[in-house]
Amino acid sequence: MYTEKVMDHFQHPRNVGEIENPSGMGTVGNAKCGDIMRIYLDIDDNQVIRDVKFKTFGCGAAVATSSMATEMVKGKTVQEAMAVTNKAVCEALDGLPPVKVHCSLLAEEAIHAALWDYAQKNGIVIEGLEKPKSDIGEEEIEEEY
Ligand code: FES
């Protein structure tokens with residue numbers, strides 16, 4: 001049911017933990033299952049994501065997508081990190097079962113929430129970034145990939 005990459009990231013998740021005094025932090029809940037994701041970003045003066053960590057009360061698919069998403073944003077600029085969508089993360093994992101796609105939204109939304117926090121604190125604008133929701137509702141999870 002899960003691809004090898006999903007199993008690998010689930011069993012050996014990358015970047016689990018916290019960052020003290022993060023440049024940005026975002027927490028998002030999934031209204032459907034009640035799972036929660038928190039992302040911490042350490043961003044340098046050139047707006048490059050130096051480090052990223054995540055913590056979750058989430059299912060295996062949420063762990064795997066967050067692990068992959070953190071790997072994908074690390075070393076990128078905050079603007080480049082906007083291209084790390086849940087679709088891109090799912091593709092990098094060679095796909096998720098359709099019923100689990102909503103889990104992958106947690107990672108994207110939490111990264112956006114952390115970027116938003118960083119942008120607010122520093123008075124900058126990240127193109128394409130909208131004010132994050134604290135809960136992912138039903139409407140987004142209808143999307144199909
Ligand atoms: Fe809640 Fe996957 S079932 S995030």
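What you are looking at is a predicted structure, and each value in this text was computed from that prediction instead of being measured.

Draft legend 1. How the structure looks around the overall build of the protein. When helices and strands are counted, the protein shows 5 helices and 4 strands. For the protein, the succession of helices and strands along the chain, N to C, is α-β-β-β-α-α-α-α-β. Relative to its length of 145 residues, the protein is compact, with a C-alpha radius of gyration of 14 Å against a globular reference of 15 Å. The burial tally for the protein puts 49% of its 145 residues in the buried class. Contacts in the protein between residues far apart in sequence, at least 24 positions, make up 63% of those at least 6 positions apart. As displayed, the protein offers around 7,400 Å² of accessible surface, 48% of which is attributable to carbon and sulfur atoms. Positive and negative side-chain charges in the protein, numbering 14 and 25 respectively, have mean positions lying 4 Å apart.

Draft legend 2. Spotlight on the UniProt feature "domain: NIF system FeS cluster assembly NifU N-terminal" (unreviewed entry) in the protein. Taking the numbering used here, the UniProt-annotated feature "domain: NIF system FeS cluster assembly NifU N-terminal" (unreviewed entry) corresponds to residues 1–122. The span residues 1–122 is 45% helical and 20% strand by assignment, and the distance between its end C-alpha atoms comes to 43 Å.

Draft legend 3. View of helix α2 (residues 60–73). In a regular helix each residue adds 1.5 Å, so 14 residues correspond to 20 Å; α2 covers 20 Å between its end C-alpha atoms and thus fits that length. Of all 14 residues in α2, 12 are buried, a share of seventy percent or more. Next to the buried residues of α2 lie α1 (4–11), β2 (36–43), β3 (49–57), α3 (78–81), α4 (86–92) and α5 (101–122). At the C-terminal side of α2, G75 shows a positive phi close to 85 degrees.

Draft legend 4. Quick look at the packing of α2 against α5. In contact at an axis separation of 7 Å, α2 and α5 are set at 40 degrees when each is read in the N-to-C sense. The orientation of α2 relative to α5 falls into the category oblique. Once α2 is placed against α5, the crossing between them reads as right-handed. For the pair α2 and α5, contact is made by A61, A62, T65, S66, A69 and V73 and by C103, S104, L106, A107 and I111, respectively. Within the contact of α2 with α5, the residues separate by chemical class into 8 nonpolar, 3 polar and no charged.

Draft legend 5. A look at the pattern of salt bridges. Taken as a whole and assessed by the stated rule, the structure comprises 8 salt bridges. Residue K5 pairs with D94 through a salt bridge whose shortest N-O separation is 3.6 Å. Residue K5 is found in helix α1, and its partner D94 is found in the loop between α4 and α5; the two are separated by 89 residues along the sequence. Judged by relative accessible area, D94 falls into the partly exposed class, the value being 47%. Notably, a salt bridge pairs R14 with D8, separated by 2.9 Å at the nearest N-O pair. On the basis of relative accessibility, which here comes to 30%, the residue D8 falls in the partly exposed class. Because the salt bridges share partners, they merge into one network encompassing D51, K53 and K74.

Draft legend 6. Quick peek at the environment of K121. Considering the arrangement of structural elements, one finds K121 in helix α5. Separated by 97 residues in the primary sequence, K121 and G24 place their C-alpha atoms 8.1 Å from one another.

Analysis parameters
Residues numbered from 1 in each chain as written. Predicted model: local features only at pLDDT ≥ 70, side-chain atom pairs only at ≥ 80, totals over all residues. Heavy atoms only, no water. Helix = DSSP H or I, 4+ residues; strand = E, 2+ residues; numbered from the N terminus. Rg over C-alpha atoms; globule rule 2.2 N^0.38 Å. Buried < 20%, exposed > 50% of the residue type's maximum accessible area, 1.4 Å probe, protein only. Contact = heavy atoms within 4.5 Å. Areas by Shrake-Rupley, 256 points an atom, 1.4 Å probe, with all protein chains shown as cover. Lys, Arg positive; Asp, Glu negative; His and termini not counted. Charge placed at Lys NZ, Arg CZ, Asp CG, Glu CD. UniProt positions renumbered as here; feature names shortened; annotations may be inferred. Expected span 1.5 Å × (residues − 1). Axes fitted to C-alpha atoms, helices over the stretch in contact; angles between N-to-C directions. Parallel < 35°, antiparallel > 145°, perpendicular 65-115°, else oblique. Left-handed = near helix turned anticlockwise from the far one by under 90°. Nonpolar A, V, L, I, M, F, W, Y, C, P; charged D, E, K, R; others polar. Salt bridge = Lys/Arg side-chain N within 4 Å of Asp/Glu carboxyl O.

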